[in-house]
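Listed below are the residues making up each chain.
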Amino acid sequence: MSAILGNTGRATLNALYAASTVCVLMVDTLNWMIWQPLRGKGLRVRSVVEHFVEFGVRSMPIVGLICGLIGVIMALQAAHTLEKWGAAALIADLVGISALRELAPLMTAILITGRCGSAITAEIGTMKVAEEIDALNVMGLNPTKFLVVPKFLAMLLAVPCVTVLAMLIMILGGAFAGVVLVGVDPVVYYNQTAGALTRMDLLSGLTKSFFFAVTICWVGVFRGFRVSGGAEGVGRETTSSVVTSILIIIIVDLVWTSLFFSQ
Amino acid sequence: MENDTDNIIEVRDLVVKYGDRTVLDGINLDVKRGEVFVILGGSGCGKSTLLRNLVGLMRPYSGQILFNGRDFTKMNDEERVETRKKMGMCFQGSALFNSMTVGDNVALALREHTDLEASTIDIMTKIKLELVGLGGFESFMPAELSGGMMKRAGLARAMAMDPHIIFYDEPSAGLDPIVGAGLDMLIRKMQSTFNLTSVVVTHEMESVKLIADRIVMLDKGKVIGLGTLEEIKNIDHPFIEQFFARRPDAEGEDTAAYLESLTNSE
Ligand SMILES: Nc1ncnc2c1ncn2[C@@H]1O[C@H](COP(=O)(O)OP(=O)(O)O)[C@@H](O)[C@H]1O
Ligand SMILES: [Mg+2]
């Protein structure tokens, strides 16, 4: 019994400790992202651009490909049911709304977690193991300013950009399947899509992707700084970084969706 | 100099703990301006931990670390950054930034902390690299260098801001005797050319003989000897005798003692 209580207590303490570390890191990042640059302490713009290219531009091919294919799959799956009711044109509504509200932001976030969230953890973790973080500190260079802020800003820009692309390609994939494979009239399909989508759908999806970006970067950075004990420590944290990040993304998605639809 | 005392570093009653376990227990020592000061002791006795406290990478549990007469542990972040510009550190594994060229590694601190023009920084980088015998290696990546060259490059990086004091963690560990001796000569050369205070952590007797002005001997988190090599040798202490005679512990004794040190926390 006391063992159970002890373990519960320890788990709670660990969770609280993790939460406090994340908060400290967050405050520090905002400090070096907003307050310090205003005081003339500089922002590493070149590093932001480099990371944007890595997180955003280089993610586009794979995200585009996968989202295009998912668009096709969605249309084909929907056709199976909708055709029975003679409502094949509604494929356009289904694909469009799902893409904007849900699937494009989610798929983009998950793919960027796999590509870049893990890379962030691995990079910071390796630097920690090799004492490079200590070296930065001893040289009077702040690791948050150097390593975290550029990644954070780049991620905040990259994820929404890639998400917009993903939405577009997913709808195009659906249209291709709907028109070419199922045989819906192209004009009808276009009008259905245009009629179904509202600005709110787009906004909902983009806001989500913004929170996803914060999650991907945070989890990656936090796990990276937690690495201890050599190369296998880097591997362990990298794996769990991806899992944690995807889990939190889904939870954020759930919370956001329930708020959005309850209004 | 900002302070007239001979001591650039003074450590008073330093206690350092990892969790509940005391690793350094009441350390007192002074480092004199311009000397090569060696921290000597067995593996795991807390040498690196002491060094990490001296450069402010860790906060001690209690005690004071005075740098030029000012308490390092009580400074705010900005004062600490200013103080660190006057310190250089060479890490055990060199800790070069792997994503940057050797030249960029050396130039980084200059670019971030000074308003010098790019061409001036280039020249200073070249000079620092030549100083450690790596002239012409600016555009190499750290992974392309040998172990000894990486440590030299780490030294060039530590020297970039013309520090008052430089810390070395096991400079010749993991290197063959010839390369290791080369690094020892380099440490001596830095000290004599720039009158640079050097604090060197090591466990190798050969390099101690070559470089040390004064030595502090650590065992089980305590100072057991402080002075010149001759003075240390004459101290009557079983560990010092054993250390200098290179005599092993009796079988099992060291692991038993290690386990005890792990469990013996307050
Ligand atoms: N981050 C850490 N957490 C817990 N214990 C540590 C940590 N770093 C070092 N130690 C322990 O502190 C002791 C001293 O370590 P260290 O200063 O690295 O020794 P040395 O450099 O003399 O070999 C060792 O027993 C080591 O196990
Ligand atoms: Mg060590």
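None of these values were measured; they are calculated from a predicted model.

**Re the sheet that holds strand β10 (residues 222–227) of chain B**
Residue and element names in this part refer to chain B.
Then, in step 1: Strand order in the open sheet formed by six strands is β6-β7-β8-β3-β9-β10, with mixed pairing between adjacent strands. Strand pairing shows two members of the sheet lacking a second neighbour, β6 (87–90) and β10, which therefore form its edges. Direction aside, the axes of adjacent strands within the sheet are offset by 15° on average.
Then, in step 2: Where strand β9 (residues 214–219) lies against β10, five bridges are found, and the strand directions are antiparallel. The residue bridging Val 216 from the neighbouring strand is Leu 226, located in β10.
Then, in step 3: Contacts from helix α6 (residues 177–194) reach β3 (36–41), β7 (165–169) and β8 (197–202), with the element oriented near 160° to β8.

**Topic: the packing of helix α3 (residues 60–82) of chain A against helix α6 (residues 143–182) of chain A**
All names here are of chain A.
Then, in step 1: Where α3 contacts α6, the axes come no closer than 7 Å and their chain directions differ by 40°. The pairing of α3 with α6 is recorded here as oblique in orientation. Taken as a pair, α3 and α6 cross one another with a handedness that is right-handed. Here Met 60, Val 63, Gly 64, Cys 67, Gly 68, Ile 70, Gly 71, Val 72, Met 74, Ala 75, Leu 76 and Ala 79 of α3 lie close against α6, whose contacting residues are Val 162, Leu 165, Ala 166, Ile 169, Met 170, Gly 173, Gly 174, Phe 176, Ala 177, Gly 178, Leu 181 and Val 182.
Then, in step 2: Its residues placed into classes, the contact of α3 with α6 shows 18 nonpolar, six polar and no charged.

**Quick notes on the interface of chain B and chain A**
A common way to express how large an interface is: the accessible area buried when the components associate.
Then, in step 1: Contact with chain B, which involves 20 residues of that partner, is made by 17 residues of chain A.
Then, in step 2: Of the roughly 1,500 Å² buried between chain B and chain A on both sides combined, carbon and sulfur atoms contribute 60%.
Then, in step 3: Considering only the surface of chain B that becomes buried against chain A, Arg 84, Phe 97 and Glu 112 of chain B emerge as the three largest contributors, covering 30% of it.
Then, in step 4: In this structure, the connection of chain B to chain A is made through three salt bridges.
Then, in step 5: For Glu 112 of chain B, the salt bridge goes to Arg 44 of chain A, with nearest N and O atoms at 2.8 Å.
Then, in step 6: Where chain B meets chain A, there are five residue pairs in polar contact (both at pLDDT 80 or more).
Then, in step 7: Residue contributions to the side of chain B that touches chain A peak at five residues, all from helix α3 (residues 102–113) of chain B.
Then, in step 8: Tallied by class, residues from the side of chain B that touches chain A come to 10 nonpolar, five polar and five charged.

**With respect to a nonpolar patch on the surface**
Residue and element names in this part refer to chain A.
Then, in step 1: A surface patch of nonpolar side chains, about 430 Å² in accessible area, is lined by Leu 247, Ile 248, Ile 251, Val 255 and Leu 259.
Then, in step 2: Position of Ile 248 among the secondary structure elements: in helix α9 (residues 230–262).
Then, in step 3: Classification of Ile 248 by relative accessible area gives partly exposed; the value is 32%.

**Points about the environment of Phe 212 of chain A**
Then, in step 1: One can find Phe 212 of chain A in helix α8 (residues 199–226).
Then, in step 2: Look at Phe 212 of chain A and you get buried, because its relative accessible area is 0%.

**Thoughts on the confidence of the model for chain A**
Then, in step 1: Of all residues in chain A, 98% have pLDDT values of 70 or greater, and the mean over the chain is 90.
Then, in step 2: Taken element by element, the predicted model of chain A shows its lowest mean pLDDT in helix α1 (residues 2–38) of chain A (81) and its highest in helix α4 (residues 91–129) of chain A (95).

**Some details on the sheet that holds strand β1 (residues 7–18) of chain B**
All names here are of chain B.
Then, in step 1: Ordered in space as β2-β1-β4-β5, the four strands form an open sheet in which the pairing is antiparallel. Only two strands of the sheet have a single partner each, and these edge strands are β2 (21–32) and β5 (70–71).
Then, in step 2: Where β1 meets strand β4 (residues 62–67), five bridges bridge the pair, whose relative direction is antiparallel. Among the inter-strand pairings, Arg 12 is bridged to a residue of β4, identified as Gln 64.
Then, in step 3: Sheet strands touched by helix α1 (residues 47–54): β1, β2 and β4. Its angle to β1, the strand with the most contacts, is close to 120°.

**Here we look at the pattern of salt bridges**
Proximity of charged atoms lets side chains of opposite charge pair with each other.
Then, in step 1: Overall, the coordinates contain 25 salt bridges over all chains when judged by the stated rule.
Then, in step 2: Residue Lys 222 of chain B is joined to Asp 25 of chain B by a salt bridge in which the shortest nitrogen-to-oxygen separation is 2.7 Å. Of this pair, Lys 222 of chain B sits in strand β10 while Asp 25 of chain B is found in strand β2, placing the two residues 197 residues apart along the sequence.
Then, in step 3: Under the relative-accessibility criterion, Asp 25 of chain B is labelled partly exposed at 33%.
Then, in step 4: Salt bridges sharing common partners tie together Arg 44 and Lys 145 of chain A together with Glu 112 of chain B.

**Here we look at the packing of aromatic side chains**
Then, in step 1: Inspection of every chain in the model, using the stated rule, returns seven aromatic pairs over all chains.
Then, in step 2: Seen from their ring centres, Phe 152 of chain A and Trp 218 of chain A are 5.3 Å apart, and the 55° between their planes marks the pair as tilted. Placement of Phe 152 of chain A in helix α6 and of Trp 218 of chain A in helix α8 is noted, with a sequence separation of 66 residues between them.
Then, in step 3: Taking relative accessible area as the criterion, Phe 152 of chain A reaches 7% and is therefore assigned buried.
Then, in step 4: Ring geometry for Phe 243 of chain B and Phe 244 of chain B: centres 6.2 Å apart, planes at 65°, overall edge-to-face.
Then, in step 5: Among the residues examined, Phe 244 of chain B registers a relative accessible area of 24% and is labelled partly exposed.
Then, in step 6: Each residue in the set Phe 210, Phe 211 and Trp 256 of chain A is aromatic and connected to the rest through ring pairs, giving one cluster.
Then, in step 7: Just above the ring of Phe 146 of chain A sits the side chain of Arg 44 of chain A; from NZ or CZ to the centre is 4.1 Å.

**Focus on the domain arrangement of chain B**
All names here are of chain B.
Then, in step 1: Considered domain by domain, chain B is made up of domain 1 (1–84 + 193–251) and domain 2 (87–162).
Then, in step 2: If you look at the interface, domain 1 gives 12 residues, while domain 2 gives seven residues.
Then, in step 3: Contact between domain 1 and domain 2 buries roughly 700 Å² in total, counting both sides, with carbon and sulfur atoms accounting for 81%.
Then, in step 4: Contact with domain 2 buries surface across domain 1, with Val 55, Arg 84 and Phe 194 losing the most and accounting together for 43% of the total.
Then, in step 5: In this structure, the connection of domain 1 to domain 2 is made through one residue pair in polar contact (both at pLDDT 80 or more).

**Looking at the site of ligand 1**
Residues and elements named next belong to chain B.
Then, in step 1: Taken together, Tyr 18, Arg 21, Val 23, Gly 42, Ser 43, Gly 44, Cys 45, Gly 46, Lys 47, Ser 48, Thr 49 and Tyr 258 are the residues near ligand 1.
Then, in step 2: Within the contact set of ligand 1, an oxygen atom lies 3.3 Å away from a backbone nitrogen or oxygen of Cys 45.
Then, in step 3: Between ligand 1 and Gly 46 there is a distance of 3.1 Å, counted from an oxygen atom to a backbone nitrogen or oxygen.
Then, in step 4: Every element with two or more residues in the shell around ligand 1 is listed here: β2 and α1.
Then, in step 5: Looking at which element gives the most residues to the shell around ligand 1, the answer is α1, with three residues.
Then, in step 6: Classifying every residue of the shell around ligand 1 by side-chain character gives four nonpolar, six polar and two charged.

Reading the values: the criteria
- Residues numbered from 1 in each chain as written.
- Chains lettered and ligands numbered in written order.
- Predicted model: local features only at pLDDT ≥ 70, side-chain atom pairs only at ≥ 80, totals over all residues.
- Heavy atoms only, no water.
- Pairing = 2+ DSSP bridges.
- Helix = DSSP H or I, 4+ residues; strand = E, 2+ residues; numbered from the N terminus.
- Axes fitted to C-alpha atoms, helices over the stretch in contact; angles between N-to-C directions.
- Contact = heavy atoms within 4.5 Å.
- Parallel < 35°, antiparallel > 145°, perpendicular 65-115°, else oblique.
- Left-handed = near helix turned anticlockwise from the far one by under 90°.
- Nonpolar A, V, L, I, M, F, W, Y, C, P; charged D, E, K, R; others polar.
- Buried area = accessible area lost by both parts, 1.4 Å probe.
- Salt bridge = Lys/Arg side-chain N within 4 Å of Asp/Glu carboxyl O.
- Polar contact = N/O pair within 3.5 Å; in protein donor to acceptor, adjacent residues only side chain to side chain.
- Patch = residues over 30% accessible without salt bridge, like charges linked within 9 Å, V, L, I, M, F, W, Y side chains within 5 Å.
- Areas by Shrake-Rupley, 256 points an atom, 1.4 Å probe, with all protein chains shown as cover.
- Buried < 20%, exposed > 50% of the residue type's maximum accessible area, 1.4 Å probe, protein only.
- pLDDT = per-residue confidence, 0-100.
- Phe/Tyr/Trp six-rings, centres within 6.5 Å; stacked < 30°, edge-to-face > 60°.
- Lys NZ or Arg CZ within 6 Å of the ring centre and 35° of its normal.
- Domains from an automatic or database assignment.
- Near = heavy atom within 4 Å.

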